[in-house]
Amino acid sequence: VSTQSTGSSGINAEYGKQWYQRRVRGVFVNMLLLWCVALLLGQTLSLTDEEIAAFIPSDPDFVERNTGLRSQVWATDNGDGSVTVNTNGIPSHDTWQFPNNESGNPHSLEENWSSYKMFKDPIMRSEGDELMCIPNGAIGIATSGVYIYSWWAAEKGCPYARDFEELDICEGHPASNGEYHYHHYSPCVQMPTCGVESPLYGVALDGIPIYGPFADNGQQLTRIDLDKCGGRYDSNGRYKYHVTIDPPFFPSCFKGEIRKDVGKSEETFTCGCPYDDSGMPERGPKPEDGGRGPPDDGGRGPPDGDRRGPPDGGEGRPETGNYMRFLRRCQSTRRVR
């Protein structure tokens, strides 16, 4: 009897040990699953409170030279799963004087109020879904309150903006409606630090944040490192668009869903260039100097000592600017996987 009791006790002890191990493993797996779910829920957030607060004029007292107005931009969490970015489109940094015949731009820079509503938690499209085309005009808003356009100039034949006309010191110019906008990376929004993660640059109309050219691991990104739309998942699993020094510079399609009340007509969303330019007039040839010079008032750069401008000598076309040379020097041959 004693032997049988001892054997039975040993079996029960082994069974209890196995049960305890399974229980611990089960609790661990459940905790891991909950952690993953929480992490994923956190990663879907389009803009954090800190990022929402970043949409402010870099200098609220700066008076824009063309309009005599100050920049106004702010973002609001509406509390219903949406975020609205409001802007009057006035830059809080120096620009050229417009119209500017020397650069080839005949348009005036004017105040243009817009309110764009986007999902706070982006609804990502699956790989099998057709990617949303970008619209004519604004595809996003920079933290400076300036509109972000695609790399195409809205002119007959839809030329590549860099080849079509000279952009000002901050990589911007006005459209025919007076809307000042960027076509390329603007050093007046943020100056990069080589090897350091870029801060928030702006937000696209699908609510996905746009960051500068340096990833969270310090690697400078080019288009080859990004997906078709110009984005990637960072090391924490959060999807972001990135501004690059190579075309098409900004997002070329939307990875996220667009709200019906985004603030733009569905008719403006076209699949790239060429779009219907039948109503656009022909533009005459640029001046013989190629439109490279600034206006006679010397309005190439920001005020002396103003950190919002590019480094000394950074004026001119993007490929000749010191900040672009700086970015290219930072660029590594190592590719991000």
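Residues numbered from 1 in each chain as written. Predicted model: local features only at pLDDT ≥ 70, side-chain atom pairs only at ≥ 80, totals over all residues. Heavy atoms only, no water.

## Section: the side chain of Asp 168
Argument step 1. With respect to the helices and strands, Asp 168 occurs in the loop between helix H3 (161–164) and strand S7 (172–174).
Argument step 2. Buried charge without a partner: Asp 168 forms no salt bridge, and the closest opposite charge is Arg 65, 8.1 Å away.
Argument step 3. Here Cys 170 takes part through its backbone nitrogen, which lies 2.9 Å from a polar atom of the side chain of Asp 168.
Argument step 4. In this structure the side chain of Asp 168 is engaged in a polar contact, spanning 2.9 Å, whose partner is the side chain of Tyr 180.
Argument step 5. Other than its neighbours up to four places away in sequence, Asp 168 contacts Thr 95, Trp 96, Phe 98 and Tyr 180. (Helix = DSSP H or I, 4+ residues; strand = E, 2+ residues; numbered from the N terminus. Buried < 20%, exposed > 50% of the residue type's maximum accessible area, 1.4 Å probe, protein only. Lys, Arg positive; Asp, Glu negative; His and termini not counted. Salt bridge = Lys/Arg side-chain N within 4 Å of Asp/Glu carboxyl O. Polar contact = N/O pair within 3.5 Å; in protein donor to acceptor, adjacent residues only side chain to side chain. Contact = heavy atoms within 4.5 Å.)

## Examining the pattern of salt bridges
Argument step 1. Scanning all chains against the criterion turns up nine salt bridges.
Argument step 2. Among the ionic pairs, Arg 238 bridges to Glu 51, the shortest N-O distance being 3.0 Å. Taken as a pair, Arg 238 in the loop between strand S11 (231–233) and strand S12 (239–242) and Glu 51 in helix H2 (residues 49–53) lie far apart in primary sequence, 187 residues in all. This pair shows no difference in class: Arg 238 is buried, exactly as Glu 51 is.
Argument step 3. The residue Lys 255 makes a salt bridge to Asp 227 at a minimum N-O spacing of 3.2 Å. Of this pair, Lys 255 sits in the loop between strand S13 (253–254) and helix H4 (322–330) while Asp 227 sits in the loop between strand S10 (209–211) and S11, and the two are 28 residues apart along the sequence.

## As for the nonpolar core
Argument step 1. Grouped together as the largest cluster of nonpolar side chains are 50 residues, with contacts concentrated most on Phe 55, Tyr 182, Tyr 201, Tyr 241, Phe 250 and Phe 254.
Argument step 2. Examining the composition of this core, we find that four residues originate from one element, strand S9 (residues 200–204), more than from any other. (Core = buried A, V, L, I, M, F, W, Y, C linked by side-chain atoms within 4.5 Å.)

## Structural notes on the state of the cysteines
Argument step 1. Applying the stated criterion to the full structure yields two disulfides.
Argument step 2. At a sulfur-sulfur separation of 1.9 Å, the disulfide partner of Cys 170 is Cys 188. Looking down the S-S bond of the Cys 170 and Cys 188 bridge, the torsion is -70°, so its handedness is left-handed. Taken together, the residues Cys 170 in the loop between H3 and S7 and Cys 188 in the loop between strand S8 (180–182) and S9 connect sequence positions 18 residues apart.
Argument step 3. Across a sulfur-sulfur distance of 2.0 Å, Cys 229 and Cys 253 are joined as a disulfide pair. Its S-S torsion of approximately -105° makes the covalent link between Cys 229 and Cys 253 left-handed. Taken together, the residues Cys 229 in the loop between S10 and S11 and Cys 253 in strand S13 connect sequence positions 24 residues apart. For the residue pair Cys 229 and Cys 253, the accessibility class agrees, reading buried in each case. (Disulfide = S-S within 2.5 Å.)

## A word on the environment of Asn 236
Argument step 1. By secondary structure assignment, the location of Asn 236 is in the loop between S11 and S12.
Argument step 2. For Asn 236, a relative accessible area of 52% corresponds to the exposed category.
Argument step 3. Taking the C-alpha atoms as reference points, Asn 236 and Asp 216, 20 residues apart in sequence, are found 9.1 Å from one another.

## Some points on the confidence of the model for the protein chain
As a general rule, the predicted coordinates of low-pLDDT regions are not to be interpreted in detail.
Argument step 1. On average, residues of the protein chain carry a pLDDT of 75, and 64% of them reach 70 or more.
Argument step 2. Low pLDDT, under 50, characterises residues 37–44; the predicted model gives this stretch six contacts beyond four residues in sequence or across chains.
Argument step 3. Low pLDDT (under 50) marks residues 285–320, which in the prediction has 82 contacts with non-local residues, meaning those over four places away or in another chain. (pLDDT = per-residue confidence, 0-100.)

## Quick word on unusual backbone geometry
Argument step 1. Omega for the peptide link from Phe 98 to Pro 99 comes to 0°, which places this bond in the cis form.
Argument step 2. Here Pro 99 shows up in the loop between strand S2 (82–87) and strand S3 (114–119).
Argument step 3. Of the consecutive residues Pro 247 and Pro 248, the connecting peptide bond is found in the cis state with omega at 5°.
Argument step 4. With respect to the helices and strands, the residue Pro 248 is situated in the loop between S12 and S13.

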